[in-house]
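Remarks on the overall topology
Spelled out, the chains give:
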Amino acid sequence: MLRFLFPYIFFFIFACQVSENQHDMEISPTSQPVKSILLYHNIEGFSQDSIIAVLEDINSVIERVDHRSVGYSLWSVQSDTIDSYRLFIEGEWADQESYDVIHADSSFRRVLDKHLPVLTETRKWDLYRRYEKLKVD
């Protein structure tokens, strides 16, 4: 079982189990947006168009689970003179609660299974960071 979960590290490090009734929970007004950034020197094995198509399919499920979260997008550096970290995949979530609900949802897990070959390749990031938006006190 663990060997099947390993490729999903790309999408989540510690997904929480969330009960069905939490889909309708109130989100705290103090909750902050969350972003994940996965930096790559290069993604081999699949074209950028293929990766974008997979992310769009995953994002369609994310939209159904929680319309407030954007999901994933692929970015490329603008300059040809930059040779490192040329690509990144951004994950954009309304807040941590939204991230947890999406990543525990069975339809989200099914779409990950559907795209396992691409996700196995894209989980080989060079640098991963999660960020939360800061607010002025």
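Given the structure is predicted, the values throughout are model-derived calculations rather than measurements. (Residues numbered from 1 in each chain as written. Predicted model: local features only at pLDDT ≥ 70, side-chain atom pairs only at ≥ 80, totals over all residues. Heavy atoms only, no water.)

1. Points about helix H4 (residues 106-114)
Buried within H4 we find Ser107, Phe108, Val111 and Leu112. Seen along its axis, H4 keeps its buried residues to an arc of 145°; they face one direction. Here the buried face of H4 lies against helix H2 (48-65), strand E2 (71-76), helix H3 (96-104) and helix H5 (116-122). (Buried < 20%, exposed > 50% of the residue type's maximum accessible area, 1.4 Å probe, protein only. Helix = DSSP H or I, 4+ residues; strand = E, 2+ residues; numbered from the N terminus. Arc of directions from axis to C-beta. Contact = heavy atoms within 4.5 Å.)

2. Here's the deal with the pattern of salt bridges
With the rule as written, the count across this model stands at 7 salt bridges. Measuring nitrogen to oxygen at the nearest pair gives 3.7 Å for the salt bridge that ties Arg86 to Asp80. Here the salt bridges do not stand alone but share partners, grouping Lys35, Glu90 and Glu92 into one network. (Salt bridge = Lys/Arg side-chain N within 4 Å of Asp/Glu carboxyl O.)

3. Some details on the pairing of strand E3 (residues 87-93)
Moving residue by residue along a regular strand, the side chains alternate between the two faces of the sheet. With 5 of 7 residues buried, E3 lies mostly within the body of the structure. Where strand E1 (residues 34-40) meets E3, 7 bridges bridge the pair, whose relative direction is antiparallel. Bridged to Lys35 within E3 is Glu92. Both E2 and E3 contribute to a ladder of 6 bridges, which runs antiparallel. Counted as the bridge partner of Leu74 is Ile89 from E3. (Pairing = 2+ DSSP bridges.)

4. A closer look at the side chain of His103
Position of His103 relative to the elements: it lies in helix H3. A distance of 3.2 Å separates a polar atom in the side chain of His103 from a polar atom in the side chain of Tyr72. (Polar contact = N/O pair within 3.5 Å; in protein donor to acceptor, adjacent residues only side chain to side chain.)

5. Some details on the packing of aromatic side chains
One pass over the structure, following the stated rule, counts 4 aromatic pairs. On the basis of an interplanar angle of 40° and a centroid distance of 5.4 Å, the ring pair of Trp125 and Tyr128 is categorised as tilted. You can call Tyr128 buried: its relative accessible area is 15%. A network of ring pairs unites the aromatic residues Tyr72, Trp93 and Tyr99 as a single cluster. Stacked on the ring of Tyr99, the Lys or Arg Arg130 has its end atom at 4.3 Å from the ring centre. (Phe/Tyr/Trp six-rings, centres within 6.5 Å; stacked < 30°, edge-to-face > 60°. Lys NZ or Arg CZ within 6 Å of the ring centre and 35° of its normal.)

6. So, the sheet that holds E3
One open sheet accounts for 4 strands, arranged E2-E3-E1-E4; its pairing is antiparallel. Where the open sheet ends on each side, the last strands, each with one partner, are E2 and strand E4 (127-132). Strand-to-strand twist across the sheet, computed as the mean angle between neighbouring axes with direction ignored, equals 20°. Set on the sheet, H2 makes contact with E2 and E3; between it and E2 the angle comes to about 160°. Against the sheet, H3 engages E1, E2, E3 and E4, with an angle of about 105° to E3. (Axes fitted to C-alpha atoms, helices over the stretch in contact; angles between N-to-C directions.)

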